[in-house]
Amino acid sequence: MLTEAEVRRAVAGARTVVVKVGSSSLTKPSGHLDAGRLNALVAALSAAATEGARVVLVSSGAIAAGFGPLGFDSRPTDVATQQATAAVGQGLLMSQYEAAFGRFGVRVGQILITAEDTIRPQQYRNVQRTLGRLLDLGVVPIVNENDSLASNEIRFGDNDRLSALVANIVRADALVLLTDVDALYTAPPSEPGSERIGFVPNVAETLGDVTVTGPTSGVGTGGMVTKLEAARVAAVSGIPTVLTCASNAGPALMGDPVGTAFAPVKQRGSSRRLWIGFAAEPRGTIVVDAGAATAVRGGHASLLAAGALEVHGAFSAGDPVWVDDESGTHLARGLAGFDSEEIPQMLGRTTTQLNRFLGEEYAHPLVHRDNLVLV
Ligand SMILES: Nc1ncnc2c1ncn2[C@@H]1O[C@H](COP(=O)(O)OP(=O)(O)O)[C@@H](O)[C@H]1O
Ligand SMILES: N[C@@H](CCC(=O)OP(=O)(O)O)C(=O)O
């Protein structure tokens, strides 16, 4: 278990750091970019980049920067207008970032991710390779969800959890979450008596002791709930996190005791397995019998059709699915080896039977152990 000083040192010494900034830290309530605050953030990030850190910026703000120029008084609430607004705001955001980083001689590149694009192994590797190459080239990748094209059913929705996943993809040494409040408090800071928390040794244990709410700024989406979720994903991925306000970006990156530091609670796992465990919501469920449940819980077995009882939902091979026991308890998440409509004919059959009756292409696990992560 790391002490606060060790966590701060790890952040200061991070070779690769993912910094996430929220809409409320970059935009005005009128729906326009706040150039002053954006420039101050860029100055802090450029200082880290020019000192040799590999910096990835996960930036929200596309919708919040787009609705003012489009003549709306507040953030649009219907999906089509939000998507159109994001298309306008994302361009404005990137143009400001490019100019601001350019003043420090730092080049930026835009990466827009949809959950759907990145859940499949091949696209996941693509994202990983592109981000890695950008960092090798000394570029600061600026990542956002592809809000204009993301489908409503399968999307991250908030960039907090996306930033923790990106931290996994690039194997970051630290995650910095920048928002409009200086730290995590025991309750929303507007509540009398709420107290600032400087250090969280175990985020899973702390979650129960803290009262958090969704967004309060009118432009943000996830509030403190998704930030704690991001800190939890990072912690169980072996990545330390600091949460503070955007104006503290510089001190946070230098390891000063600002905001809230979250210690990692586990050794780093493989980034791909963490991706399966935390990325977009599963699209279906495979229910297994007691024997298969024991085998899956053991952590080393593939899920074979012989132990599967039911399949629910509509999904394609490669999609994430839950593996549940008969009482409906989630045992694991995994990537399905088959389309959902192929599975009913396979249920309860041994590999030999599958081979004989359905052909060699069906004589494979429903979920291979490499694609299975216990929950
Ligand atoms: N326990 C808490 N500690 C700190 N802030 C909290 C807490 N609970 C709720 N919040 C609220 O979460 C807000 C940050 O979330 P959000 O508006 O989504 O920011 P962002 O746009 O940066 O993602 C803060 O303004 C704060 O009022
Ligand atoms: N992708 C969206 C932002 C989603 C989001 O997480 O917003 P925030 O809570 O401000 O970090 C956008 O760029 O408008």
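Each value, and the rule that gives it
- Residues numbered from 1 in each chain as written.
- Chains lettered and ligands numbered in written order.
- Predicted model: local features only at pLDDT ≥ 70, side-chain atom pairs only at ≥ 80, totals over all residues.
- Heavy atoms only, no water.
- Near = heavy atom within 4 Å.
- Polar contact = N/O pair within 3.5 Å; in protein donor to acceptor, adjacent residues only side chain to side chain.
- Areas by Shrake-Rupley, 256 points an atom, 1.4 Å probe, with all protein chains shown as cover.
- Pairing = 2+ DSSP bridges.
- Helix = DSSP H or I, 4+ residues; strand = E, 2+ residues; numbered from the N terminus.
- Axes fitted to C-alpha atoms, helices over the stretch in contact; angles between N-to-C directions.
- Contact = heavy atoms within 4.5 Å.
- UniProt positions renumbered as here; feature names shortened; annotations may be inferred.
- Buried < 20%, exposed > 50% of the residue type's maximum accessible area, 1.4 Å probe, protein only.
- Core = buried A, V, L, I, M, F, W, Y, C linked by side-chain atoms within 4.5 Å.
- Salt bridge = Lys/Arg side-chain N within 4 Å of Asp/Glu carboxyl O.

A. A look at the site of ligand 2. Near ligand 2 there are 15 residues, and of these K20, S23, S60, D147 and N159 occur at the shortest range. In the environment of ligand 2, an oxygen atom lies 2.9 Å from a nitrogen or oxygen atom belonging to the backbone of A62. Within the backbone of N159, one N or O atom sits 2.7 Å away from an oxygen atom of ligand 2. Contact with the protein chains removes 97% of the 380 Å² of surface that ligand 2 exposes when unbound.

B. Local environment of the sheet that holds strand β15 (residues 372-374). Pairing in this open sheet of 5 strands is mixed, and the strands run β12-β11-β13-β14-β15 from one edge to the other. Each having just a single partner strand, β12 (308-313) and β15 make up the two edges of the open sheet. Mean inter-strand twist for the sheet, computed between neighbouring axes without regard to direction, equals 25°. Sheet analysis places strand β13 (residues 320-324) next to strand β14 (residues 330-335), joined by 5 bridges and oriented antiparallel. If you follow V323 over to β14, its bridge partner there is A332. Contacting β11 (284-288), β14 and β15, helix α12 (residues 290-297) runs over the sheet at an angle of about 70° to β14.

C. Layout of the UniProt feature "binding site: substrate" (unreviewed entry) in the protein chain. Using the residue numbers shown here, the UniProt feature "binding site: substrate" (unreviewed entry) corresponds to S60, D147 and N159. Annotated residues spanning 100 residues; largest pairwise C-alpha distance 10.7 Å, indicating a single compact cluster. Note that S60 resides in the loop between β2 (54-59) and α3 (62-66). Residue S60 is classed as buried on the basis of its relative accessible area of 9%. Every residue in contact with S60, bar those within four places of it in the chain, is listed here: K20, V21, G22, S23, L26, L93, N144 and N159.

D. Spatial organisation of the sheet that holds β2. Strand order in the open sheet formed by 8 strands is β3-β4-β2-β1-β5-β9-β10-β8, with mixed pairing between adjacent strands. Two strands close off the open sheet at either side, each with one partner strand: β3 (108-113) and β8 (199-200). With 5 bridges connecting them, strand β1 (residues 16-21) and strand β5 (residues 174-179) associate as parallel partners. Counterpart to V21 in the pairing with β5 is L178. Helix α1 (residues 4-12) contacts β5, β8, β9 (241-245) and β10 (260-262) of the sheet and is inclined by roughly 90° relative to β10.

E. Region of the structure containing the side chain of R54. If you trace the backbone, R54 turns up in strand β2. Ignoring anything within four residues of it in the chain, the contact list for R54 reads R15, T16, V17, G132, L135 and D136.

F. Here's a closer look at the nonpolar core. Residues V18, I113, L131, V143, V166, L184 and F262 are the most contacted members of the largest nonpolar core, which totals 42 residues. Tallying contributions element by element places helix α9 (residues 223-236) first for this core, with 7 residues. Not counting the four nearest positions on each side in its chain, V166 is found in contact with V18, V56, V58, I113, L131 and V143. Ranked by size, the runner-up nonpolar core spans 39 residues in total, among them L33, A48, Y97 and A174.

G. Local environment of the pattern of salt bridges. Enumeration according to the criterion identifies 9 salt bridges in this entry. Between D34 and R37 there is a salt bridge whose closest N-O contact spans 3.0 Å. With relative accessibility at 17%, the residue D34 sits in the buried group. Here the residues in one salt-bridge network are K20, D160 and K227, joined through shared partners.

H. Just the pairing of β13, in detail. Among the 5 residues that make up β13, 5 are buried, leaving the element largely enclosed by the rest of the structure. Of the two faces of β13, both are covered, the one formed by P320, W322 and D324 as well as the one formed by V321 and V323. One ladder, built from 3 bridges, connects β11 with β13; its direction is parallel. Its bridge partner lying in β13, I286 is registered against V323. Following β13, the chain reverses through 5 residues before pairing antiparallel with β14; G328 in that reversal takes a positive phi of roughly 90°.

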